[in-house]
Amino acid sequence: MNEYKIPNHVGIIMDGNGRWATKRGLKRSAGHSAGYKTLKKLAVHILNKGVKYLSVYAFSTENFKRDTEEVNYLMNLFVSKFKEEKDFFMKKNIKVVFSGLKEPLRSDVWESMQEISKMTKDNTGGTFNILLNYGGQSEIVEAAKKIVKDVIDKKLNINELNTENFNKYLFQDLPPIDFMIRTSGEVRISNFMLYQVAYAEMYFPKVYFPDFNEKEFDIALDVYNKRDRRFGAIKK
Ligand code: FPP
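Residues numbered from 1 in each chain as written. Predicted model: local features only at pLDDT ≥ 70, side-chain atom pairs only at ≥ 80, totals over all residues. Heavy atoms only, no water.

This next bit is on the pairing of strand β1 (residues 9–13). A large share of β1 lies buried, amounting to five of its five residues. In this structure, β1 lies alongside strand β2 (residues 53–60), joined through five bridges in parallel fashion. Of the residues in β2, the one forming a bridge with I13 is Y57. Pairing between β1 and strand β5 (residues 179–182): four bridges, direction parallel. Bridging across to β5, V10 finds its partner in F179. (Buried < 20%, exposed > 50% of the residue type's maximum accessible area, 1.4 Å probe, protein only. Helix = DSSP H or I, 4+ residues; strand = E, 2+ residues; numbered from the N terminus. Pairing = 2+ DSSP bridges.)

Attention now goes to the site of the ligand. As a structural note, the neighbourhood of the ligand is formed by 17 residues, with M14, G18, R19, R28 and R66 the closest of them. In the model, an oxygen atom of the ligand is placed 3.1 Å from a nitrogen or oxygen of the D15 side chain. A distance of 2.7 Å is found between an oxygen atom of the ligand and a side-chain nitrogen or oxygen belonging to R66. Contributing elements (two or more residues each) for the shell around the ligand: α1 (17–23), α2 (28–48) and α3 (68–84). The element best represented in the shell around the ligand is α2, accounting for five residues. Within the shell around the ligand, the residues separate by chemical class into six nonpolar, six polar and five charged. (Near = heavy atom within 4 Å. Polar contact = N/O pair within 3.5 Å; in protein donor to acceptor, adjacent residues only side chain to side chain. Nonpolar A, V, L, I, M, F, W, Y, C, P; charged D, E, K, R; others polar.)

Relative to the helices and strands, A143 is located in helix α6 (residues 136–152). Since its relative accessible area comes to 0%, A143 is described here as buried. Separated by 85 residues in the primary sequence, A143 and A58 place their C-alpha atoms 21 Å from one another. Those residues in contact with A143 that sit more than four places away from it in its chain are F166, Y169 and L170. (Contact = heavy atoms within 4.5 Å.)

Moving on, we get to the sheet that holds strand β3 (residues 95–99). Each strand in a sheet pairs with another by means of backbone hydrogen bonds, the pair being arranged parallel or else antiparallel. If you trace the six strands from one edge of the open sheet to the other, you get β3-β4-β2-β1-β5-β6, paired in parallel fashion. Taken across any chain shown, the strands that pair with only one partner, and hence form the sheet edges, are β3 and β6 (201–203). With direction set aside, neighbouring strand axes in the sheet form an average angle of 20°. This element, α2, spans β1, β2 and β4 (127–134) of the sheet and lies at about 155° to β2. (Axes fitted to C-alpha atoms, helices over the stretch in contact; angles between N-to-C directions.)

Rendered as structure tokens:
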């Protein structure tokens, strides 16, 4: 029998918080709050399964176009959770890192991100990469700018740049995504880790993110295990 495969890097587009709340006659913000509760349990479950890297899409650069009330709710949720949950992530030995741009984030949001990443930087029980004010295209453009600078400063010989060491120029130097999940039934990538999903297996369950619990993730893992990953090679 084949060995049960655990992906090294899982990416989740946490979609459907708004619809989850609307369906219950609640404000969209209640969906984001429920989404965080799900995320907290899910992150521990996923990293306990042996997944080494978990990347989640918390806020895209484009999400700033939403109503001020919703943007403010999310920003306040980020600040309060990054402050409150530091001890939780320390206890669980999880390293929290962020991918995204600094501008135009509020300074309290940026500071709370710095604090939790600094505190958890030596944890070894898995890396939890939170995409906040993130866009996949701008990640690649920013990488190009850093590369040009390193070439000008003679820190990089352009002939030595390859698809492996290119990762060092991205927001975080992480391995490729093996398994990408987008909840809520939408079938789009929406600017999510464009460089890292090159060979990812993709899965689009119908459930809204707040309902994507540990059991749903285990179902997803079973689906992943039935996939035949070939990375462009011929089927043997
Ligand atoms: C997309 O669903 C979800 C978001 C834009 C926010 C996701 C954020 C969380 C789950 C909270 C994370 C919290 C921390 C502290 C990391 P949507 O609102 O677009 O849903 P809809 O498509 O149904 O409207």
